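Given next are the chains, with one letter for each unit.
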Amino acid sequence: MRTFHRLPRTLAITIPLTAIVATSACATSASDETATTSTPVAAAAAPAPIDGAANGVVTQNRLGIAPAQAAAQAALARCQADGLGSVTVSVVDRAGNVQAMLRGDNAAQHTVEAARQKAYTAAAFGANTSDLSERAKGDGATVADLPGTLFLAGGVSVKSAGASIAGIGVGGAPDGMKDQACAAAGLDAIAGALG
């Protein structure tokens, strides 16, 4: 059974329009053809598939719901054991979509967004946010200006086969490194499932 995927409307219009423009730009009149010398042109080779995307579809790994929940629960449990129950834990995929979130008792509202942004920053950059904080410093524009990111300690990258597939972020502890210790406990809880 074949499945067909529709292109977004913008692409569906843009691609044929691009082909028409390219074709008309390459067309020559009969008088132009006689004025130019004929040079054989090699057919353009198709680009080599990248990441095994021979059929034009790219797959991306992400955590399943069970490990995402386990990571969030382990991170919150670590914070509670350390007397830091007023935190929020967020587990996101590489695109920043929330897969699991737990808000501790009495966690303030700002911890929800802080945890999500720390998790996304770690996932997108493939590194712990404490290691990335130096990139956010400096005069003028820095990576800290990227929407949805937060370059404060408390986010850890989740990797499988060397590639970042998710992030675990914790927000609400009085010290970002305490947030990060909780997030690391979440990662430790699922390390065996990552392959």
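Predicted model, so just to flag it, every value in this text is computed and none were measured.

1. What to know about the overall build of the chain
And then number 1: For the chain, the helix and strand inventory stands at six helices and four strands.
And then number 2: Seen in sequence order, the chain has helices and strands lined up from the N terminus as α-α-α-β-β-α-α-β-β-α.
And then number 3: Looking at the chain as a whole, 33% of its 195 residues qualify as buried.
And then number 4: The contacts of the chain with a sequence gap of at least 6 include a subset with a gap of at least 24, amounting to 63%.

2. Examining the packing of aromatic side chains
And then number 1: One pass over the full model with this rule turns up one aromatic pair.
And then number 2: Centroid distance Phe-125 to Phe-151: 5.4 Å. Interplanar angle 70 degrees. Geometry classified as edge-to-face. Taken as a pair, Phe-125 in helix α4 (residues 110-125) and Phe-151 in the loop between α5 (129-132) and β3 (155-160) lie far apart in primary sequence, 26 residues in all.
And then number 3: Given the relative accessible area of 27%, Phe-125 is considered partly exposed.

3. A look at helix α3 (residues 65-81)
And then number 1: With 17 residues, α3 extends 24 Å between its outermost C-alpha atoms, agreeing within 8% with the 24 Å of an ideal straight helix rising 1.5 Å per residue.
And then number 2: Those residues of α3 lying buried are Ala-68, Ala-71, Ala-72, Ala-75, Leu-76 and Cys-79. Mapping the buried residues of α3 onto a view down its axis gives an arc of 120 degrees, with all of them on the same face. Opposite the buried face of α3, at more than 90 degrees from it, the exposed residues are Ala-66, Gln-73 and Ala-81.
And then number 3: Packed against the buried residues of α3 are β1 (88-93), β2 (98-103), β4 (163-171) and α6 (176-190).
And then number 4: Positive phi appears at Gly-83, one or two residues downstream of α3, with a value of about 75 degrees.

4. Quick word on the pattern of salt bridges
Opposite charge on two side chains lets them pair, provided their charged atoms get close.
And then number 1: The tally for this structure, following the rule as stated, stands at five salt bridges.
And then number 2: As a salt-bridge pair, Asp-93 and Arg-62 come within 3.8 Å of each other at their nearest N and O atoms. Of this pair, Asp-93 sits in strand β1 while Arg-62 sits in the loop between α2 (30-35) and α3; the two residues are 31 residues apart in sequence, bridging distant segments of the chain.
And then number 3: Residue Asp-93 is classed as buried on the basis of its relative accessible area, which comes to 7%.
And then number 4: A relative accessible area of 52% places Arg-62 in the exposed class.

5. Some remarks on the sheet that holds β4
And then number 1: The strand order β2-β1-β4-β3 describes an open sheet built from four strands, whose pairing is antiparallel. With one partner strand each, in any of the chains shown, β2 and β3 form the two edges of the open sheet. Across this sheet, the average inter-strand angle for adjacent strands is 15 degrees, counted without regard to direction.
And then number 2: Pairing of β1 with β4, which is carried by six bridges, proceeds in the antiparallel orientation. From the neighbouring strand, Val-91 faces β4, where its bridge partner is Ile-168.

Basis of the calculations
Residues numbered from 1 in each chain as written. Predicted model: local features only at pLDDT ≥ 70, side-chain atom pairs only at ≥ 80, totals over all residues. Heavy atoms only, no water. Helix = DSSP H or I, 4+ residues; strand = E, 2+ residues; numbered from the N terminus. Buried < 20%, exposed > 50% of the residue type's maximum accessible area, 1.4 Å probe, protein only. Contact = heavy atoms within 4.5 Å. Phe/Tyr/Trp six-rings, centres within 6.5 Å; stacked < 30°, edge-to-face > 60°. Expected span 1.5 Å × (residues − 1). Arc of directions from axis to C-beta. Salt bridge = Lys/Arg side-chain N within 4 Å of Asp/Glu carboxyl O. Pairing = 2+ DSSP bridges. Axes fitted to C-alpha atoms, helices over the stretch in contact; angles between N-to-C directions.

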